[in-house]
Amino acid sequence: MWYGQFQEYLDRIKKPYPGHKCDLRRDLLPQVNSIIIESLLASKRKLTQSGVSGEATLGCFQLFGFDFMVDEDMKVWLIEINGSPASAEYLLEGMMADLIKVIVEPAFPAPPGQSYDHSKENNFQCIYKNPSPTIDRNSPQLST
């Protein structure tokens, strides 16, 4: 279900806020963001040392898919985290372009006299800001 469809559903049920509607962005997404941040921070050491696959992760990134459900009291619950998430086919091209803008381009600046096309805003939202990791030249692992 997409955000717009879910907000339409929330508008119809009018729970649990008699007198005003539950707003997806105001009431539910902060819970989702908090769960995502807490989950990644809880597994940060494992993910930065060996990644999900057990391979060294230096200079790598991974896209995760988080599945949630919402109970009748509008509390968000984490169902699972996917290390290799499925995505609707029509989203893939834009998602890959956005990943390149957010992850790859900052690590590999454009050659002199050239620039990347940033005329379109990406669809990612920064929900947590952490100092960039540094490379410990004496170890193949990331350190902060």
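Just so we're clear, the structure is a prediction, and the values are computed from it rather than from any experiment.

(A) Local environment of helix H1 (residues 3–13). Among the residues of H1, Phe6, Gln7 and Leu10 are the ones counted as buried. Along the long axis of H1, the arc covered by the buried residues comes to 100 degrees, so they all point the same way. On the buried face of H1, the contacting elements are helix H2 (24–42) and strand E1 (65–70).

(B) Inspection of the pattern of salt bridges at higher detail. Enumeration over the complete set of coordinates arrives at one salt bridge. Between arginine 26 and aspartate 27 there is a salt bridge; the shortest N-O distance is 2.7 Å. For arginine 26, a relative accessible area of 46% gives the class partly exposed.

(C) Just the packing of aromatic side chains, in detail. Throughout the structure, instances matching the rule amount to two aromatic pairs. For the pair phenylalanine 6 and tyrosine 9, a centre-to-centre distance of 6.1 Å together with 20 degrees between the ring planes defines the contact as stacked. A residue pair is termed a helical-turn pair when its members lie 3 or 4 positions apart in one helix, as phenylalanine 6 and tyrosine 9 do in helix H1 at three residues. Seen in terms of ring centroids, phenylalanine 66 and phenylalanine 68 are 6.3 Å apart; in terms of plane orientation they differ by 10 degrees. Their pairing is stacked. Directly above the aromatic system of tryptophan 77 lies the positively charged group of lysine 75, at a separation of 4.7 Å from the ring centroid.

(D) Region of interest: the pairing of E1. Where E1 and strand E2 (residues 76–82) come together, six bridges link them in antiparallel fashion. When the bridges of E2 are listed, phenylalanine 66 appears paired with isoleucine 81.

(E) Local environment of a nonpolar patch on the surface. Where nonpolar side chains cluster on the molecular surface, the patch consists of Phe61, Ile100, Val102, Ile103, Val104, Phe108, Tyr116 and Phe124 and spans about 680 Å² of accessible area. Structurally, phenylalanine 124 is set in the loop between helix H4 (89–107) and strand E3 (134–135).

(F) Just the nonpolar core, in detail. If you look at the biggest cluster of nonpolar residues, it comprises twelve residues: Phe6, Leu10, Cys22, Leu24, Leu28, Leu29, Val32, Ile35, Ile36, Phe66, Met74 and Val76. Top contributing element to this core by residue count: H2, with six residues. Excluding residues that lie within four positions of it along the chain, valine 76 makes contacts with Leu28, Gln31, Val32, Ile35, Phe68, Met69 and Val70.

(G) Fine view of the confidence of the model for the chain. This prediction gives the chain a mean pLDDT of 79; 77% of its residues lie at or above 70. Here strand E4 (residues 142–143) is the element of the chain with the lowest mean pLDDT, 42, and E2 is the one with the highest, 95. Segment residues 139–144 is flagged for pLDDT under 50; beyond a separation of four residues in sequence, or across chains, it makes 14 contacts in the model.

(H) Molecular detail of the packing of H1 against H2. Between H1 and H2, whose axes approach to 11 Å, the crossing angle comes to 115 degrees. When the interaxial angle is binned, H1 and H2 end up roughly perpendicular. Crossing of H1 against H2: the hand is right-handed. Residues Tyr3, Phe6, Gln7 and Leu10 of H1 touch H2, and the partners they reach there are Leu24, Arg25, Leu28 and Leu29.

Cut-offs used in this document
Residues numbered from 1 in each chain as written. Predicted model: local features only at pLDDT ≥ 70, side-chain atom pairs only at ≥ 80, totals over all residues. Heavy atoms only, no water. Buried < 20%, exposed > 50% of the residue type's maximum accessible area, 1.4 Å probe, protein only. Helix = DSSP H or I, 4+ residues; strand = E, 2+ residues; numbered from the N terminus. Arc of directions from axis to C-beta. Contact = heavy atoms within 4.5 Å. Salt bridge = Lys/Arg side-chain N within 4 Å of Asp/Glu carboxyl O. Phe/Tyr/Trp six-rings, centres within 6.5 Å; stacked < 30°, edge-to-face > 60°. Lys NZ or Arg CZ within 6 Å of the ring centre and 35° of its normal. Pairing = 2+ DSSP bridges. Patch = residues over 30% accessible without salt bridge, like charges linked within 9 Å, V, L, I, M, F, W, Y side chains within 5 Å. Areas by Shrake-Rupley, 256 points an atom, 1.4 Å probe, with all protein chains shown as cover. Core = buried A, V, L, I, M, F, W, Y, C linked by side-chain atoms within 4.5 Å. pLDDT = per-residue confidence, 0-100. Axes fitted to C-alpha atoms, helices over the stretch in contact; angles between N-to-C directions. Parallel < 35°, antiparallel > 145°, perpendicular 65-115°, else oblique. Left-handed = near helix turned anticlockwise from the far one by under 90°.

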